[in-house]
Amino acid sequence: SGLASWRQVLESVADAWAQRAPEIRSTSNRILERLSAGARLEPSVNPIRTEILQQAVSTLAESYDRGQGGFGGAPKFPPSCTLEFLLARASLGGQGAARERRMSLHTLEAMARGGIYDQVAGGFSRYAVDSTWTVPHFEKMLYDNALLARAYLHGWQLSGDPLLLRTCRETLDWALREMRAPEGGFYSALDADSEGVEGRFYVWTIAELEQLLGDDAAAAIEYFGVSEAGNFESAGANVLEAHGPEPPEAVRLRIRERLARAREGRVRPGLDDKRLTAWNALMIAALADAAGVLASAADPDLRADGARYGQAAQEAASFVLDHLRDPTGRLLRSFNHGQARLPAYLEDHAFLLEALLVLYEATFQERWFEAARQLADTIVERFADPERGGFYSTASDHEPLIARRKDLEDAPIPSGASSAALGLMRLAALTGEDAYRHHATGHLRLLHEVAPRHPTAFGHLLQAIELYLLDLREVALVGDDTLPLREVINRRLRPDVVLAGGPPGATAASAVALLKGREERDGRATAYVCQRMTCQRPVTEPAELAQLLGD
């Protein structure tokens, strides 16, 4: 095979140690220093200022691809965290909002129309090998699709563009159809290859489309930009894009259905069927966010989707909380073949904290809030750095490692530390407990001077800095039917709002401090808008709530 035997490897190592032990010691010390560098960062004594975020946006604008969307050139990865930062900024309407809106919405549209998006069945590939989002590396990751589905939901809330909502729903539907395990958790990834060839499952020739689609073939060929030459490696093979004239919706759906049915006859890409706590948490957050937003939609189809997504989010959350535990109740990272294993990292705890808070806001079921609070306390007790601030990636009682690291970058997924900071700040707003905010701020002080110079690496952290500077608004809804009031909140993207709610009569015993003492007025569902637990006058009319929120 050309590979050295294990004995040869061991003999080589022993010989190297005998000949060059001082050199090896020096090299290992340098590696150890690099591994632990993040953990030795000192907090900045300078204040965290709004100008940091303006600087980050300006830096992003310098690398923004005005023609194709995204940042930088090929290969292009979906910049989920960066897009969420820009969407949040644009929704707040401050100076520069038009630029933030343009960069985020243009990128979302370009990806949705590109080959990186599966035009037949929904879902995004890992990245595009070119700068035009045309030819992807066809691997589909659970985490990319969870983060992107949520970004498209928020893009729709900001813009009202139906393409963005459609992309969100198709992506979530793909995950429910192809990535969901029988017990309610989600698998990790689909391979890029089938039959040993990358992309074979996904590409089409003109002849195939003509044979399969009949009278719809001409419209499909124009819509998907299919050519005789093709745009992929083998002659005539086409990755489908969606830049041509869009057919009527009934025709578009018929085309997708026929192509999906035909594709089912092909050899499918391999499935990575392990369930990871962190990646499941990202999908729980996406499903729960969509459920909360769509619950009050006027369109009954959207409400039905919202109900489906909410049910799936709760089943996945129950699976993680019930089955990814060790005998002492501590969180575990991975589940497969009926068994959970490996101690959970910071990102597992932090992503799940964020997801459970979103799930509580969507359902007002306090079991999710209570589970989130337990996770937050675990993060503080077992992961926080009491000396320099911030959070280690492994728990204080994790098996000994060469170095206890702090993972910092939000690419391709949020770092556990950024997620912990954001989740703890939202929890602080619901509980009124400044200790959570204090620990979150400790992480921001480590990086708030670095992040604006490298914004594509710190998108989630920049969102946490935004929350720190905003002073969150807390909204409590009390009543049996709060949907008309919730619709006011959901009609816009509101990153500066945390939401609590419950039926009348239950608020006195609520575990959520924001709800305590809040009562219905005149037997009608009532909204309280507060900051740092100090509330304005309660209102019962949706128009009055909109006014209090500044709409």
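Each remark here, short or long, concerns the structure printed above.
Keep in mind that this is a model prediction, so the values were computed, not measured. Every chain's residues receive numbers from 1 upward, in the order its sequence appears when written. With the structure being a predicted model, the display of local features is reserved for residues of pLDDT at least 70 and the display and counting of side-chain atom pairs for 80 or more, all residues being used for whole-chain, interface and lining totals. To get the side-chain values, take all heavy atoms of the structure and skip hydrogens and water.

Student: I keep staring at the pairing of strand β11 (residues 473-478) and nothing clicks. Help me out?
Tutor: It is a general feature of regular strands that their side chains alternate between the two faces of the sheet. A 1.4 Å probe rolled over the protein chains alone gives each residue an accessible area, and that area as a share of the maximum for its type sets the label: buried under 20%, exposed over 50%, partly exposed in between. The secondary structure listing takes helices from DSSP runs of H or I that are at least 4 residues long and strands from runs of E that are at least 2 residues long, numbered from the N terminus. Burial within β11 is extensive, with six of its six residues counted as buried. A two-sided burial pattern is seen for β11, the buried positions comprising Arg-473, Val-475 and Leu-477 on one face and Glu-474, Ala-476 and Val-478 on the other. Think of it this way: DSSP has to see at least two bridges between two strands before they count as a pair. Here β11 runs beside strand β12 (residues 497-502); their pairing, made up of six bridges, is parallel. Following the sheet pairing, Ala-476 is matched in β12 by Ala-500. Orient the strands so they point away from the viewer, and a crossover whose first-strand-to-second-strand path over the helix runs clockwise is right-handed. The parallel pair β11 and β12 is bridged by helix α17 (residues 483-490), and the resulting crossover is right-handed. Pairing between β11 and strand β13 (residues 526-531): five bridges, direction antiparallel. Each residue of the ladder has a partner; that of Val-475, found in β13, is Val-529.

Student: Could you clarify how one ought to interpret the sheet that holds strand β10 (residues 339-343) in this entry?
Tutor: The sheet built from three strands is open, its strands ordered β8-β9-β10 with antiparallel pairing. Edge positions in the sheet fall to β8 (275-276) and β10, since each has one partner strand and no second. Relative to β10, strand β9 (residues 332-336) is paired through four bridges, and the arrangement is antiparallel. Counterpart to Leu-332 in the pairing with β10 is Pro-343.

Student: In this structure, what is going on with unusual backbone geometry? I would like to understand it.
Tutor: Following Ala-74, the chain continues to Pro-75 via a peptide bond in cis, the omega torsion being -10 degrees. As for its position among the elements, Pro-75 is in the loop between α2 (50-63) and α3 (80-92). Residue Phe-364 is not a glycine yet carries a positive backbone phi of 60 degrees. Position of Phe-364 among the secondary structure elements: in the loop between α12 (346-363) and α13 (366-382). Although it is not a glycine, Arg-532 adopts a positive phi angle of roughly 50 degrees. In this fold, Arg-532 is placed in the loop between β13 and β14 (534-535).

Student: Teacher, can you tell me more about the packing of helix α10 (residues 277-294) against α12 here?
Tutor: If you want to describe how two helices pack, look at the angle between their axes and the distance between the axes. All axes here are fitted lines through C-alpha atoms, helices being fitted over the stretch that makes contact, and every angle between N-to-C directions spans 0 to 180 degrees. At their nearest, the axes of α10 and α12 sit 8 Å apart, and the two run at 15 degrees to each other. With respect to each other, α10 and α12 are oriented roughly parallel. Here α10 and α12 pass one another in a crossing that is left-handed. Counted together, Thr-277, Ala-278, Trp-279, Ala-281, Leu-282, Ile-284, Ala-285, Ala-288, Asp-289 and Gly-292 of α10 and Glu-347, Asp-348, Phe-351, Leu-352, Ala-355, Val-358, Leu-359 and Ala-362 of α12 form the full contact between these two elements. Basically, the charged four are Asp, Glu, Lys and Arg, the nonpolar ten are Ala, Val, Leu, Ile, Met, Phe, Trp, Tyr, Cys and Pro, and anything else, Gly included, counts as polar. Residues belonging to the contact of α10 with α12 are distributed by class as follows: 13 nonpolar, two polar and three charged. For classification purposes, angles smaller than 35 degrees are called roughly parallel, those larger than 145 roughly antiparallel, those between 65 and 115 roughly perpendicular, and all remaining angles oblique. Left-handed describes a crossing whose near helix is turned anticlockwise from the far helix through less than a right angle; right-handed describes the clockwise counterpart. Between two residues, a contact is recorded if the distance between any of their heavy atoms is within 4.5 Å.

Student: I tried to follow helix α9 (residues 249-263) on my own but got confused; where do I start?
Tutor: Residues three or four positions apart in an α-helix share a direction because the helix packs 3.6 residues into each turn. For a helix, the expected span equals 1.5 Å multiplied by the residue count minus one. Spanning 15 residues, α9 covers 21 Å between terminal C-alpha atoms, matching the ideal 21 Å at 1.5 Å per step. At its buried positions, α9 is contacted by α6 (162-178), α7 (206-213) and α8 (217-224).

Student: Explain the state of the cysteines here, please?
Tutor: Each disulfide is one covalent bond, formed between the sulfur atoms of two cysteines. In this description, a disulfide is simply a cysteine sulfur pair whose atoms lie within 2.5 Å. One pass over the full model with this rule turns up one disulfide. Each sulfur of the disulfide joining Cys-530 and Cys-535 lies 2.0 Å from the other. Across the S-S bond linking Cys-530 and Cys-535, the dihedral sits near 90 degrees, which makes this disulfide right-handed. Assessed through its relative accessible area of 26%, Cys-535 is described here as partly exposed. Lacking any disulfide linkage, Cys-81 is separated from the closest cysteine sulfur, that of Cys-168, by 16 Å. Given a relative accessible area of 6%, Cys-81 falls into the buried group.

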